[in-house]
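Here is how the chains run, residue by residue.
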Amino acid sequence: MMYLGLTLTYASSFQMLRGAVIVFTGLLSVGFLGRRLRYFHWLGIVLVLIGLVVVGLSDFISSSQTNQDLNGIITGKWQDSVAQTNTELNLRENSIYTLWCV
């Protein structure tokens, strides 16, 4: 699913969304594991989200200048996000820590 999303979006956007695993890990660890994140964890999550927004906006701006399909870009981003969430949930379900996989 992740690589299908890559065919529909830009490579820079795909790579930034791959880095969004930090956001999913932080939010899911608070939601499911009941962990408390410290201020620098939240700061890191916010910085990653700002980076995602900047790259996403650049994709929309550049798609209006080229003939790239805007619906394809949105679909590609959505598929990549769903695949990241699915990967994180599978790792948590099998008690595999994310840093072991990196």
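The rules behind each value
- Residues numbered from 1 in each chain as written.
- Predicted model: local features only at pLDDT ≥ 70, side-chain atom pairs only at ≥ 80, totals over all residues.
- Heavy atoms only, no water.
- Helix = DSSP H or I, 4+ residues; strand = E, 2+ residues; numbered from the N terminus.
- Buried < 20%, exposed > 50% of the residue type's maximum accessible area, 1.4 Å probe, protein only.
- Areas by Shrake-Rupley, 256 points an atom, 1.4 Å probe, with all protein chains shown as cover.
- Core = buried A, V, L, I, M, F, W, Y, C linked by side-chain atoms within 4.5 Å.
- Contact = heavy atoms within 4.5 Å.
- UniProt positions renumbered as here; feature names shortened; annotations may be inferred.

Moving on, we come to the overall build of the chain. The secondary structure content of the chain amounts to 6 helices and 0 strands. Every one of the 102 residues in the chain was classed for burial, and the buried ones make up 29%. Carbon together with sulfur atoms contributes 66% to the accessible area of the chain, which is approximately 6900 Å² in total.

Turning our attention to the nonpolar core. Soluble globular proteins: nonpolar side chains tend toward being buried together. Counting residues in hydrophobic clusters, the biggest one holds 6 residues: Leu17, Ala20, Val23, Ile45, Val48 and Leu52. For this core, the element with the most residues is helix H4 (residues 39-65), which contributes 3 residues. Non-local contacts of Leu52, meaning those with residues more than four positions away in its chain, are made with Met16, Leu17 and Ala20.

Per the UniProt record, the feature "transmembrane region" (unreviewed entry) sits at residues 12-33 and 40-61. Helix makes up 91% of residues 12-33 and strand 0%, whereas the separation of the span's terminal C-alpha atoms amounts to 32 Å. The distance separating the terminal C-alpha atoms of residues 40-61 is 31 Å; by composition the span is 100% helix and 0% strand.

All of the buried residues along helix H3 (residues 21-33) are Val23, Thr25, Gly26, Leu28 and Ser29. Just past H3, the residue Gly34 takes up positive phi, approximately 70 degrees.

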